[in-house]
Amino acid sequence: MSRDVTQASGLIGPNAILQTLPVLDRLLGRKRRSELMSRAGIADIPDGTEMIPEALAAALHRRIRQDVPELAAQVSAQAGHATANYILLNRIPKPAQVVLQCLPAGASALEQSKAIEKHAWTFAGTGQFTVTTPWAFKIRSNPLIRGETSPACLCDWHAAVFTRLYQKLVSRKCTCREVSCGAQGSDRSCEFEIQRAPRAR
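Residues numbered from 1 in each chain as written. Predicted model: local features only at pLDDT ≥ 70, side-chain atom pairs only at ≥ 80, totals over all residues. Heavy atoms only, no water.

*Asks:* I'm lost on helix H7 (residues 105-118) in this one. Help?
*Replies:* For an α-helix the count is 3.6 residues per turn, leaving residues at separations of three or four pointing the same way. Across its 14 residues, H7 extends 20 Å between first and last C-alpha, which sits within 8% of the 20 Å expected from 1.5 Å per residue. Close packing links the buried residues of H7 with helix H6 (94-102), helix H8 (121-124), strand E3 (128-133), strand E4 (136-140) and helix H9 (156-169). (Helix = DSSP H or I, 4+ residues; strand = E, 2+ residues; numbered from the N terminus. Expected span 1.5 Å × (residues − 1). Contact = heavy atoms within 4.5 Å.)

*Asks:* How do you make sense of the packing of aromatic side chains when you look at a structure like this?
*Replies:* In the structure shown here, the tally under the stated rule is eight aromatic pairs. Taken together, a centroid distance of 6.5 Å and an interplanar angle of 45° make the contact between Phe129 and Phe162 tilted. On the criterion of sequence distance, the pair formed by Phe129 in strand E3 and Phe162 in helix H9 is long-range, its members being 33 residues apart. Take Phe129: its relative accessible area is 13%, and that puts it in the buried class. Centroid distance Trp135 to Tyr166: 6.0 Å. Interplanar angle 55°. Geometry classified as tilted. (Phe/Tyr/Trp six-rings, centres within 6.5 Å; stacked < 30°, edge-to-face > 60°. Buried < 20%, exposed > 50% of the residue type's maximum accessible area, 1.4 Å probe, protein only.)

*Asks:* Quick question: what am I supposed to make of the sheet that holds strand E6 (residues 190-196) here?
*Replies:* The strands making up a sheet associate through hydrogen bonds between their backbones, and the pairing can be parallel or antiparallel. Taken in spatial order, the four strands line up as E3-E4-E6-E5 in an open sheet, and their pairing is antiparallel. Every other strand in the sheet has two partners, leaving E3 and strand E5 (174-180) as the edge strands with one partner each. Pairwise comparison of adjacent strand axes, ignoring direction, gives a mean angle of 20° for this sheet. Alignment of E4 against E6, held across four bridges, turns out to be antiparallel. Note on E6: the bridge partner recorded for Ile139 is Cys190. Packed onto the sheet, H7 meets E3, E4 and E6 and runs at close to 165° relative to E3. Lying over the sheet, H9 contacts E3, E4, E5 and E6, oriented at roughly 155° with respect to E5. (Pairing = 2+ DSSP bridges. Axes fitted to C-alpha atoms, helices over the stretch in contact; angles between N-to-C directions.)

*Asks:* Which parts of the structure should I look at to understand the packing of helix H5 (residues 69-90) against H9?
*Replies:* Two quantities define a packed helix pair, namely the angle between the axes and the distance from one axis to the other. With their axes 7 Å apart at the nearest point, H5 and H9 run at an angle of 40° to one another. Judged by the inter-axis angle, H5 sits oblique to H9. The element H5 and its partner H9 pack so that their crossing is right-handed. On H9, the residues that touch Ala73, Ser76, Ala77, Ala79, Gly80, His81, Thr83, Ala84, Asn85, Ile87 and Leu88 of H5 are Asp156, Trp157, Ala160, Val161, Arg164, Leu165, Lys168 and Leu169. Its residues assigned to classes, the contact of H5 with H9 shows eleven nonpolar, five polar and three charged. (Parallel < 35°, antiparallel > 145°, perpendicular 65-115°, else oblique. Left-handed = near helix turned anticlockwise from the far one by under 90°. Nonpolar A, V, L, I, M, F, W, Y, C, P; charged D, E, K, R; others polar.)

*Asks:* I tried to follow the confidence of the model for the protein chain on my own but got confused; where do I start?
*Replies:* Low pLDDT means the predicted atomic positions in that stretch should not be read closely. Mean pLDDT over the protein chain works out to 93, with 94% of the residues at or above the 70 mark. Segment residues 1-8: pLDDT under 50, and 13 contacts once partners within four positions in sequence are set aside and those in other chains are kept. (pLDDT = per-residue confidence, 0-100.)

*Asks:* So what exactly am I meant to see when it comes to the environment of Ala43 here?
*Replies:* Tracing the sequence through the fold places Ala43 in the loop between helix H3 (30-39) and strand E2 (52-53). Taking the C-alpha atoms as reference points, Ala43 and Leu56, separated by 13 residues in sequence, lie 10.0 Å from one another.

*Asks:* Could you clarify how one ought to interpret the environment of Ile17 in this entry?
*Replies:* Structurally, Ile17 is set in helix H1 (residues 15-18). In sequence terms Ile17 and Ala43 are 26 residues apart; their C-alpha atoms lie 12 Å from each other. Every residue in contact with Ile17, bar those within four places of it in the chain, is listed here: Ile42, Pro46, Ile52, Leu56, Ala57 and Leu60.

So, in structure tokens, the structure goes:
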């Protein structure tokens, strides 16, 4: 896909790119999207049938943050939401979704966190993913922000994926936020917490 990426590169799921492109089309137009892809070194759109080099996905996400910083968080969040919808439609059987939705929130979160950990390679690539609790995760050396520096958290795509999955399968009140980012210091991991809104009185 790019002459700068070798077969030795780590791999990540194609939705890290595929679900981002329609969002760019809506917000920036196809011409601008094509320019961003070219600047990121992406010659061809993935066909979605196999994993892709994580370096390509990282390059696109980085290019969006650099070239359209005012829209970067919005693009990442919408793409993450769409990625979760793809997972719900194509990767988690409907009967399993029904079971998770019927369980108490704590039990559902436990099962959901186990499933996320089992398939972490699809969204964390060569990063080291850890379930801290059923309501918290961390990614060490997250490939989508690896090598970047920022005072703010950058991983809106991951947070949106987790938010949508938990809202659909655990509780509509769930929201995931990144509380620490690897871009904030070389000693940091990208840490995510699932928060539940308090019950209305």
